[in-house]
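Single-letter residue listing:
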Amino acid sequence: MSAQQMSSEATAKRNLKMQPDYNRSSRNQASSLQRFKPFIDAAVAAHTSDLTESRGPFVIADFGCSTGLNSSDAVSHLIREVRAKYASSQSCSSVLVVLNDMPHNQWSVLFDFLNGDQRSFLKQLPGVFAVTSGISFYDQVLPPSSLQIGISNICLHWCSQLPTKLSNHGFSLFGTEKEQEAFRKQAAKDWGSFLQARSKELVKGGVIVANFLSSQDKAASIFDEIYKSVEALRSRGVIESEELVNFNCPICFRSVEDVSEPSQYERLGLELLRAEALPQSRSTYYEDFLQHGDLDRFVSEYVNSCRVTCESTFSDALNAARSEADKAAVCAELWVEHRARVARQPRLFEFTWRTVGVVLRKL
Ligand SMILES: C[S@@+](CC[C@H](N)C(=O)[O-])C[C@H]1O[C@@H](n2cnc3c(N)ncnc32)[C@H](O)[C@@H]1O
């Protein structure tokens, strides 16, 4: 296989896989979820579907559940709110939760969590049943008119595909104007696909509530710093130039303006109820570092959070001829490099976490 073929295969492939310890290294997502809960409450308040005729369970779905810890928090909160709202009827006595993620999700970690951890919604709430779905949320996941409430926390920044190769960086924030435009178009197209699928699944009066990463300041250099660590591996001869070029992260961010135009919803039979920036907050890891002052702990916790989200993209960029063991060793080397970088200048990693919350209802 030629280098060019390998490179275009890397462009087409999107084998996103969170690492097994995502539950322990996703505190920024967990913290954002706390600020997102008022949006979940608003979605429940806006839910108007007629439950008197319904004989089946009350169906909810979490789109992008990963390995379950944050998902369980979101789902438990949602079910409690729904049951409080419909306390006088039996319509929510049985709730079916569809936990959706990519086929390569660490499903066995999710199952262990759901079955064995006291924080699992299955352990906390009676009358709740769970099934999983390993299909991209940019496609239809549930039968038509079956979904009462869908949620998604910090997932929609993952594009369905890499829209273009990035010529001089691993992240589109630092791409050329043309490359950034291709990512913006991909983000808009993916948002349209997500809405179209949810519009088919939702019952009339059903709601969808999503929290996603919003436009990041270039000065928030955490992405640039990861790329610098990948570049350092190339300089040291740990990876080849082609592997550096193949390291392209298929993520994009959306602004409130991107999701505020009502016509994009109306044509899909959806109604936009809310689209707002959530309160910003400093990265949880840095915030904690300011309290405990332990640099080693900060470096370890922060770099683990990078690893659980970026490692599969980096591993996919490595030459296909490498053995799995070799790839694992190179990945480990990347995080050694990145730890040293973070330890040298921890201030650089004091970034602001910005997200947008959206609530939509099916007409
Ligand atoms: C940062 S994690 C968020 C997990 C969890 N919702 C939370 O609050 O921590 C993003 C998740 O979205 C999933 N994901 C990304 N693109 C997806 C897609 N097209 N379909 C389904 N899941 C997707 C990833 O596999 C990952 O588990």
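Residues numbered from 1 in each chain as written. Predicted model: local features only at pLDDT ≥ 70, side-chain atom pairs only at ≥ 80, totals over all residues.

(A) Structural detail: the overall build of the protein. Broken down by element type, the protein carries 12 helices and nine strands. By the compact-globule yardstick of 21 Å for 363 residues, the protein fits well, its C-alpha radius of gyration being 21 Å. A burial count over the protein gives 42% of its 363 residues as buried. The long-range fraction of contacts in the protein, counting pairs at least 24 apart against all pairs at least 6 apart in sequence, stands at 87%. (Helix = DSSP H or I, 4+ residues; strand = E, 2+ residues; numbered from the N terminus. Rg over C-alpha atoms; globule rule 2.2 N^0.38 Å. Buried ≥ 20, exposed ≤ 12 C-beta atoms within 10 Å, placed from the backbone. Contact = placed C-beta atoms within 7 Å.)

(B) Up close: the site of the ligand. If you check the shell around the ligand, you find 23 residues, and the closest are Q29, G64, S66, N70 and C155. Of all the secondary-structure elements, those providing two or more residues to the shell around the ligand are α2 (27–46) and α3 (69–85). (Near = placed C-beta within 6 Å.)

(C) Structural view of the environment of L268. By the secondary structure assignment, L268 is in the loop between α9 (263–266) and β6 (270–277). The spacing of L268 and L363 is 95 residues in sequence and 9.1 Å in space, taken between C-alpha atoms. If sequence neighbours within four positions are ignored, L268 has contacts with L195, Q196 and S199.

(D) Quick peek at the sheet that holds strand β3 (residues 128–133). Ordered by their spatial adjacency, seven strands build an open sheet running β3-β2-β1-β4-β5-β9-β6, and the pairing between neighbours is mixed. Where the open sheet ends on each side, the last strands, each with one partner, are β3 and β6. Sheet twist, expressed as the average angle between the axes of neighbouring strands with direction ignored, equals 15°. Its contacts with the sheet place helix α6 (residues 177–201) against β4 (147–153), β5 (202–213), β6 and β9 (355–362), and it is angled at close to 150° to β5. (Pairing = 2+ DSSP bridges. Axes fitted to C-alpha atoms, helices over the stretch in contact; angles between N-to-C directions.)

(E) Local environment of the pairing of β5. The element β5 is largely enclosed, with a buried count of 10 among its 12 residues. With α6 bridging β4 and its parallel neighbour β5, the resulting β-α-β unit is right-handed. Note: β5 against β9, seven bridges, orientation antiparallel. By the bridge assignment, F212 is partnered in β9 with V356. (Right-handed = clockwise from strand over helix to strand, strands pointing away.)

(F) Up close: the packing of helix α11 (residues 295–317) against helix α12 (residues 324–344). The N-to-C vectors of α11 and α12 enclose an angle of 140°; their axes lie 9 Å apart at closest approach. Put simply, α11 runs oblique to α12. The two elements α11 and α12 meet at a crossing, and its hand is right-handed. When α11 is examined against α12, the residues L295, V299, Y302, V303, C306, R307, E311, F314 and S315 are found in contact with a partner set consisting of K327, C331, L334, W335, H338, R339, V342 and A343. Each residue belonging to the contact of α11 with α12 can be placed in one class, and the counts come to 11 nonpolar, two polar and four charged. (Parallel < 35°, antiparallel > 145°, perpendicular 65-115°, else oblique. Left-handed = near helix turned anticlockwise from the far one by under 90°. Nonpolar A, V, L, I, M, F, W, Y, C, P; charged D, E, K, R; others polar.)

(G) Spatial organisation of the environment of Q216. By the secondary structure assignment, Q216 is in the loop between β5 and α7 (222–235). Exposure remark for Q216: the 18 C-beta atoms within 10 Å place this residue in the partly exposed category. As for Q216 and S94, which are separated by 122 residues in sequence, their C-alpha atoms are 41 Å apart. In contact with Q216, not counting residues within four places along its chain, are L173, F253 and R354.

(H) Broad picture of the nonpolar core. I40, A43, I60, L78, V97, V209 and Y302 are the most contacted members of the largest nonpolar core, which has 91 residues in total. For A43, the contacting residues outside a window of four places in its chain are I149, V207, V209 and V359. (Core = buried A, V, L, I, M, F, W, Y, C linked by C-beta atoms within 7 Å.)

(I) Structural context of α7. Between its first and last C-alpha atoms α7 spans 20 Å; for 14 residues at 1.5 Å apiece the expected length is 20 Å, and the two agree. Buried residues along α7 sit against α8 (241–246), α11 and α12. Taken from the residues just after α7, G237 is the one with a positive phi, measuring 80°. (Expected span 1.5 Å × (residues − 1).)

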